[in-house]
Amino acid sequence: MGDGRVREWTQTGELDGPAGYLEVRGRRYRYPDGNEDVWDILVGGATVAIVAVTEDEQVVLARQYRPGPGRVLLELPGGNADGDEPVEVAAARELLEETGYEAATLEVVMQTFLSSYASHRRHAVLARGCRKVAEPRLDDAEFIETVLMPVGAFIQHVLSGQMTDIDVAFAGLAAAGYLKPAM
């Protein structure tokens, strides 16, 4: 499937500290009881993940290797907002760069922290009316294949746990009306 660029990476070593892609800082805190300790904090700005849906209810996904899980996954397109770039602008840019798709509308439907040990603000963006307008423009370290998946199959994919932005996917599906709250 695809052009062969998307496959497992070969790990050739491991460092004891960060290599520069992620910034980790040790922050010293004083607890309410007066004791102190240092906590590692992953420092970063705003990120976006896009639930992109075409007019014929296909979800636009990015098939790519993820070094944390150590495998190729079907993921939501997304990435970092550049500096003070508005979240919607970052989402439109990332969707176009990674997949070649453009959205008729973009809506931020959720924001959350990456984790309790991170300062990253993650944003779930629902993109509707997506259509292919160009070929992807990938960075040197990006090896991505665009995959379309029917919404029903995507819901099953999200429930399988085989992706990294499950909370964002649920937020986008709920905002789009594909998930209904239990009564």
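Residues numbered from 1 in each chain as written. Predicted model: local features only at pLDDT ≥ 70, side-chain atom pairs only at ≥ 80, totals over all residues. Heavy atoms only, no water.

K.L.:
Mind showing me how you'd approach the overall build of the chain here?
P.N.:
Counting its secondary structure elements, the chain contains three helices and 10 strands. For the chain, the α and β elements follow one another from N to C terminus as β-β-β-β-β-β-α-β-β-β-β-α-α. Each principal axis of the C-alpha distribution contributes one length, and for the chain these read about 60 × 50 × 35 Å. Split into buried and exposed, the 183 residues of the chain put 37% on the buried side. Of the contacts formed within the chain by residues at least 6 apart in sequence, a portion of 63% connects residues at least 24 apart. Summed over all atoms, the accessible surface of the chain reaches about 10900 Å², with 51% contributed by carbon and sulfur. (Helix = DSSP H or I, 4+ residues; strand = E, 2+ residues; numbered from the N terminus. Buried < 20%, exposed > 50% of the residue type's maximum accessible area, 1.4 Å probe, protein only. Contact = heavy atoms within 4.5 Å. Areas by Shrake-Rupley, 256 points an atom, 1.4 Å probe, with all protein chains shown as cover.)

K.L.:
Honestly, helix α3 (residues 166-175) in this entry has me stumped. Any pointers?
P.N.:
Residues spaced three or four apart along an α-helix face the same direction, because each turn holds 3.6 residues. Buried residues of α3: Val168, Ala169, Ala171, Gly172 and Leu173, and no others. Close packing links the buried residues of α3 with β3 (46-54), β8 (105-113), β9 (121-132) and α2 (151-160). One or two residues past the end of α3 sits Gly177, with phi positive at roughly 90°.

K.L.:
Explain the environment of Arg93 to me, please; I cannot follow it from the model alone.
P.N.:
Here Arg93 is to be found in helix α1 (residues 87-99). With a relative accessible area of 18%, Arg93 lands in the buried category. Note: C-alpha distance between Arg93 and Ala81 (12 residues apart in sequence) is 9.2 Å. Setting aside anything within four residues of it in sequence, one finds Arg93 in contact with Asn80, Ala81, Asp82 and Glu85.

K.L.:
Sorry, what's going on with the nonpolar core here?
P.N.:
The nonpolar side chains of a soluble globular protein tend to be buried, and buried together. Counting 20 residues, the largest nonpolar core has Leu61, Leu76 and Phe154 as its most contacted members. For this core, the secondary structure elements donating two or more residues are β3, β4 (58-66), β9, β10 (145-150), α2 and α3. Dropping the residues within four chain positions of it, Phe154 is found in contact with Val59, Leu61, Leu76, Met149, Met163, Ala169 and Leu173. Within the second largest apolar cluster, 13 residues are counted, among which are Ile50, Ala91, Val125 and Ala127. (Core = buried A, V, L, I, M, F, W, Y, C linked by side-chain atoms within 4.5 Å.)

K.L.:
Hey, could you run me through the packing of aromatic side chains in this one?
P.N.:
Tallying each qualifying case throughout the model produces two aromatic pairs. An angle of 15° between the planes, with centres 5.6 Å apart, marks the rings of Trp39 and Tyr117 as stacked. Note that Trp39 is positioned in strand β2 (residues 36-43) and Tyr117 in the loop between β8 and β9, a separation of 78 residues in sequence. The positively charged end of Arg121 is found above the aromatic ring belonging to Phe113, 4.3 Å away from the centroid. (Phe/Tyr/Trp six-rings, centres within 6.5 Å; stacked < 30°, edge-to-face > 60°. Lys NZ or Arg CZ within 6 Å of the ring centre and 35° of its normal.)

K.L.:
So what exactly am I meant to see when it comes to the pattern of salt bridges here?
P.N.:
A pair can form between side chains of opposite charge whenever their charged atoms are brought close. Following the criterion strictly, the structure yields 13 salt bridges and no others. Between Arg66 and Glu75 there is a salt bridge, with its nearest N and O atoms 2.9 Å apart. Salt bridges sharing partners connect three or more residues here, namely Asp82, Glu85, Arg93, Glu94 and Glu97. (Salt bridge = Lys/Arg side-chain N within 4 Å of Asp/Glu carboxyl O.)

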